[in-house]
Amino acid sequence: RQRDPAHGRIVRVERHARPRPPQPVHRMILQGPDAPRLEVARQAPPGIKFIIVGTGEEEQLVRQAAEELPDLDFLGNIPNRELARYYAAADVLVYPALYDEDLSLVLLEALACGTPVINTNPGSGIYKLTDGVAFVVKPDPQQILEKITLLYNNPLLQERMSFAGVQFAHQFGPDLAKHIADVYQ
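The notes below deal with the structure included here. Small disclaimer: the values here were computed from a predicted structure and weren't measured.

1. A short note on the pairing of strand β3 (residues 72-76)
Next, step 1: Most of β3 is tucked away: 4 of the 5 residues are buried.
Next, step 2: In this sheet, β3 lies alongside strand β2 (residues 48-53) in parallel orientation, the contact comprising 4 bridges. Across the sheet, the residue bridging to isoleucine 51 is aspartate 73, located in β3.

2. A closer look at the pattern of salt bridges
Next, step 1: A complete count under the given rule lists 2 salt bridges for this structure.
Next, step 2: A salt bridge links lysine 49 to aspartate 73, with the nearest nitrogen and oxygen atoms 3.1 Å apart. Residue lysine 49 is found in strand β2, and its partner aspartate 73 is found in strand β3; the two are separated by 24 residues along the sequence.
Next, step 3: On the basis of relative accessibility, which here comes to 16%, the residue aspartate 73 falls in the buried class.
Next, step 4: A salt bridge links arginine 63 to glutamate 59, with the nearest nitrogen and oxygen atoms 2.7 Å apart. Taken together, the residues arginine 63 and glutamate 59, both in helix α2 (residues 59-68) and 4 residues apart, mark about one turn of the helix.
Next, step 5: With a relative accessible area of 21%, glutamate 59 lands in the partly exposed category.

3. Here's the deal with the packing of helix α4 (residues 105-112) against helix α6 (residues 155-170)
Next, step 1: Interaxial distance between α4 and α6 falls to 7 Å at its minimum, and their mutual angle equals 125°. Taken as axis vectors, α4 and α6 run oblique relative to one another. Taken as a pair, α4 and α6 cross one another with a handedness that is left-handed. Together, Leu108, Leu111 and Ala112 of α4 and Gly165, Val166, Phe168, Ala169 and His170 of α6 make up the contact between the two elements.
Next, step 2: Residues belonging to the contact of α4 with α6 are distributed by class as follows: 6 nonpolar, 2 polar and no charged.

Cut-offs applied
- Residues numbered from 1 in each chain as written.
- Predicted model: local features only at pLDDT ≥ 70, side-chain atom pairs only at ≥ 80, totals over all residues.
- Heavy atoms only, no water.
- Buried < 20%, exposed > 50% of the residue type's maximum accessible area, 1.4 Å probe, protein only.
- Helix = DSSP H or I, 4+ residues; strand = E, 2+ residues; numbered from the N terminus.
- Pairing = 2+ DSSP bridges.
- Salt bridge = Lys/Arg side-chain N within 4 Å of Asp/Glu carboxyl O.
- Axes fitted to C-alpha atoms, helices over the stretch in contact; angles between N-to-C directions.
- Parallel < 35°, antiparallel > 145°, perpendicular 65-115°, else oblique.
- Left-handed = near helix turned anticlockwise from the far one by under 90°.
- Contact = heavy atoms within 4.5 Å.
- Nonpolar A, V, L, I, M, F, W, Y, C, P; charged D, E, K, R; others polar.

Next comes the structure, spelled out in structure tokens:
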């Protein structure tokens, strides 16, 4: 990742991001239920760019927030084949999961792209997120924002988490589908 001192570090926001522009900005990808994500975007310091991709029940809420907040962009649906570019362009993926589930595919995709993750569910078994790979917090906007700020202010921590995330995701490798199928059998 390249850093531009004039524009600062890049922060990823969940599954909703755009490819890195010629001059980087802080970019975060937000994934999951929109209300907690939007509150994080409202409370974030200026300069952290939030990008939301995808469609769903709360799309109108997200569109309205994107009109109101200068550091929030809503890109709508992005084809699956293009998502890796968005994950790789972001500095962190925020996934405020509100349901008990093992590690989601979205998280593994982001980790495989070297994107640190902030999640509200630790997963379990072989999918359990470990320290150094991701931050697991309560689905509280303030706790999420604290971890975003920590990564924003600590590029070395972000680099270590990026490397560790790639290693974590690669343990599933081409057998990922089998691992997922085994969980459901």
